[in-house]
Amino acid sequence: MTIRETIELQMQWWRRENTRPLVGTFAPIKFPCGGMDVDVSPHEIVERKIANLRAGAVIPADDVPVAYPDFGTAFIPTLAGAGFEYDGRTTWSIPCASSVVELKLKPFDTGHPLWKKFVERMKPLLENWSWDTYLPAACVMVGPMDILSAMLGPETLAMDLVEHPEEVKARAADAVKLFHDVFDEQVRMIRAAGLTEGMADWMRTWMPGKSVCYSEDFAALVGEEHFREFFLPADSQIMPKLDTAYLHLHSGALPCLPAVLEIPGLKALELSNDPSGPAMPALIRAGQQVQQANIRLQMSNWEHPITREELNMLLKELDPRGLKITLQAKSIDEAHALYHYAKEKMCVR
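Enquirer: Report on the sheet that holds strand β11 (residues 266-272), specifying residues and quantitative values.
Expert: Pairing in this open sheet of 7 strands is parallel, and the strands run β1-β13-β12-β11-β10-β9-β6 from one edge to the other. Every other strand in the sheet has two partners, leaving β1 (22-26) and β6 (141-142) as the edge strands with one partner each. In this structure, strand β12 (residues 296-300) lies alongside strand β13 (residues 323-328), joined through 4 bridges in parallel fashion. Following the sheet pairing, S300 is matched in β13 by T326.

Okay, structure coming up:
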């Protein structure tokens with residue numbers, strides 16, 4: 001499919017009018033240009049992105065091709081003041097405070113050295129995009145609680161939820177402002193480059209209007225009560241300011257799902273299954289709750305490939321309308337087989 005045709009398919013998904021699920025697959029192929037983009041020359045980044053997109057095109061998926069400077073999940077916390085480490089393959093954050101009481105988030109500064117490095121690589125991607133090659137996208141965005149988790153370390157933040165709850169809430173509000181400032185600046189650049197109809201992002205999803213998919217991975221370490229107290233107020237300041245708000249969670253966060261579904265403005269939810277579970281029946285029940293709330297659902301299997309029996313269970317119990325499934329394959333041939341199997345097995349009659 002062309003980019004325009006894929007966008008129309010995804011728009012059917014947003015309207016919950018698709019009669020078959022959208023399907024994405026992952027297969028172990030060798031990309032010509034590995035690693036992240038922290039040290040990639042701005043003069044080479046477009047060629048590298050296009051080369052990887054061409055290589056990945058052999059894997060079947062109902063996705064739009066996107067390109068953005070990939071600085072990983074550590075990028076936003078670094079702009080807030082966390083330490084930044086990079087080994088050529090991935091990035092990670094170094095906590096900058098031992099307690100939320102002493103934590104101070106830096107305001108967004110376009111003069112920050114890492115932001116300037118990001119913009120240097122973003123500019124050529126913005127100058128060379130087209131409807132025939134790729135769509136420019138924002139960086140990997142993490143939510144306010146994930147920003148705090150990176151700046152403090154997840155264990156410290158977990159203790160601070162109990163010992164210093166008011167300070168956590170205050171710093172989460174600071175993280176909300178940082179989130180909006182960083183994202184709004186990227187939207188401004190993308191709109192100035194001519195992509196005005198919507199947004200595409202790291203999930204390779206097209207979203208109407210000013211939109212993004214962001215993660216709250218720290219939610220996997222808390223229960224529903226703490227989610228309501230800390231995540232719900234913070235994320236409720238993110239989503240209503242987006243035209244299409246899309247949240248990524250790990251399956252470890254399923255105990256928080258009733259509160260997640262109360263976040264105002266939530267339009268889509270991706271549940272990524274963890275090797276530690278829960279098992280497929282619990283994931284399906286969670287998916288049904290999401291669909292009953294009229295929220296688009298992506299069920300992803302990145303970390304823990306599912307069996308054909310589990311796939312059949314998922315295809316039988318969920319509504320294909322507003323559903324996307326991502327599947328892990330052991331080869332390109334298996335990826336094609338899984339893609340067509342899921343499409344043919346699940347259909348609104």
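Enquirer: An account of the environment of K177 is requested, with residue identities and associated values reported.
Expert: Position of K177 among the secondary structure elements: in helix α7 (residues 165-192). With relative accessibility at 53%, the residue K177 sits in the exposed group. K177 sits 156 residues away from P21 along the chain, and the two C-alpha atoms are 36 Å apart.

Enquirer: Can you explain the nonpolar core? Please cite residues and give values.
Expert: If you look at the biggest cluster of nonpolar residues, it comprises 121 residues, and the most contacted ones within it are I76, M145 and V260. Ranked by residue count, the leading element in this core is α7, at 11 residues. Once residues lying within four places of it in the same chain are set aside, the contact partners of I76 are C139, V140, M141, V142, I147, L178 and V182.

Enquirer: Go over the environment of Y341, please, and point to the residues and values.
Expert: Position of Y341 relative to the elements: it lies in helix α12 (residues 332-345). The residues touching Y341, leaving out its near neighbours within four places in the chain, are R308, L311, N312 and L315.

Enquirer: Quick rundown of the packing of aromatic side chains? Include the residues and the values.
Expert: Each aromatic ring pair is summarised here by two numbers: the centre-to-centre distance and the angle between the ring planes. What the rule picks out here adds up to 15 aromatic pairs. Ring geometry for F75 versus W115: centroids 6.1 Å apart, planes at 5°, classification stacked. Taken together, the residues span a long stretch of sequence, with F75 in helix α3 (residues 75-80) and W115 in helix α4 (residues 113-128) at a distance of 40 residues. As far as burial versus exposure is concerned, F75 and W115 are alike and both buried.

Enquirer: Got a sec to walk through α4? Specific residues and values, please.
Expert: Think of an α-helix as 3.6 residues a turn; residues three or four steps apart then line up on the same face. With 16 residues, α4 should reach 22 Å at 1.5 Å per residue; the first-to-last C-alpha distance of 24 Å fits that figure. Every buried residue of α4 is accounted for by L114, W115, F118, V119, R121, M122, P124, L125 and L126. Where α4 is buried, its residues contact α2 (45-56), β2 (66-67), α3, β3 (83-86), β5 (135-136) and α7.

Enquirer: Hey, could you go over the pattern of salt bridges for me, with residue numbers and the actual values?
Expert: A full pass over the atoms with the stated rule returns 19 salt bridges. Linking R228 and E262 is a salt bridge whose minimum nitrogen-to-oxygen distance equals 2.7 Å. Residue R228 is located in helix α8 (residues 224-235), and its partner E262 is located in the loop between α9 (257-260) and β11; the two are separated by 34 residues in the primary sequence. Here R228 falls in the partly exposed class, since its relative accessible area comes to 30%. A single network of salt bridges, built from pairs that share partners, joins E8, R15 and E17.

Enquirer: Got a sec to walk through the pairing of β11? Specific residues and values, please.
Expert: With respect to burial, β11 is a largely interior element, 6 of its 7 residues being buried. Strand direction decides the pairing type here: β11 and β12, joined by 5 bridges, are parallel. The residue of β12 that forms the bridge with S272 is S300. Handedness of the β-α-β unit built from β11, helix α10 (residues 280-292) and β12 comes out right-handed.

Enquirer: Quick rundown of unusual backbone geometry? Include the residues and the values.
Expert: Positioned with a positive phi, R204 is a non-glycine residue whose angle comes to about 60°. Tracing the sequence through the fold places R204 in the loop between β7 (198-200) and β8 (206-208). Overall, R204 belongs to the partly exposed group, its relative accessible area being 29%. Even without being glycine, N294 reaches a positive phi, approximately 60°.

Parameters at a glance
- Within any chain, residue numbers begin from 1 and follow the written order of that chain's sequence.
- Per-residue local features are limited, in this predicted model, to residues with pLDDT of at least 70; the limit for side-chain atom pairs, both in listing and counting, is 80 or more; totals at the level of whole chains, interfaces and linings are taken over all residues.
- The basis for every side-chain value is the complete set of non-hydrogen atoms in the structure, without hydrogens or water.
- Strands qualify as paired when DSSP identifies two bridges or more between them.
- The helix and strand labels rest on DSSP assignments: H or I over at least four residues marks a helix, E over at least two residues marks a strand, and numbering proceeds from the N terminus.
- We call a residue buried when its accessible area falls under 20% of the maximum for its residue type, exposed when it is over 50%, and partly exposed in between, using a 1.4 Å probe and counting protein chains only.
- Residues enter a nonpolar core if they are buried and are Ala, Val, Leu, Ile, Met, Phe, Trp, Tyr or Cys, with the set joined through side-chain atoms within 4.5 Å.
- Residues are treated as being in contact if the distance between any of their heavy atoms lies within 4.5 Å.
- Aromatic rings from Phe, Tyr and Trp, taking only the six-membered ring of Trp, are treated as a pair when their centres fall within 6.5 Å; an angle between ring planes under 30 degrees marks them as stacked, one over 60 as edge-to-face, and anything in between as tilted.
- Take the residue count of a helix, subtract one, and multiply by 1.5 Å to get its expected span.
- Here, a salt bridge means any side-chain nitrogen of Lys or Arg that lies within 4 Å of a carboxyl oxygen of Asp or Glu.
- Note on handedness: a clockwise path from strand one over the helix to strand two, with the strands aimed away from the viewer, defines a right-handed crossover.

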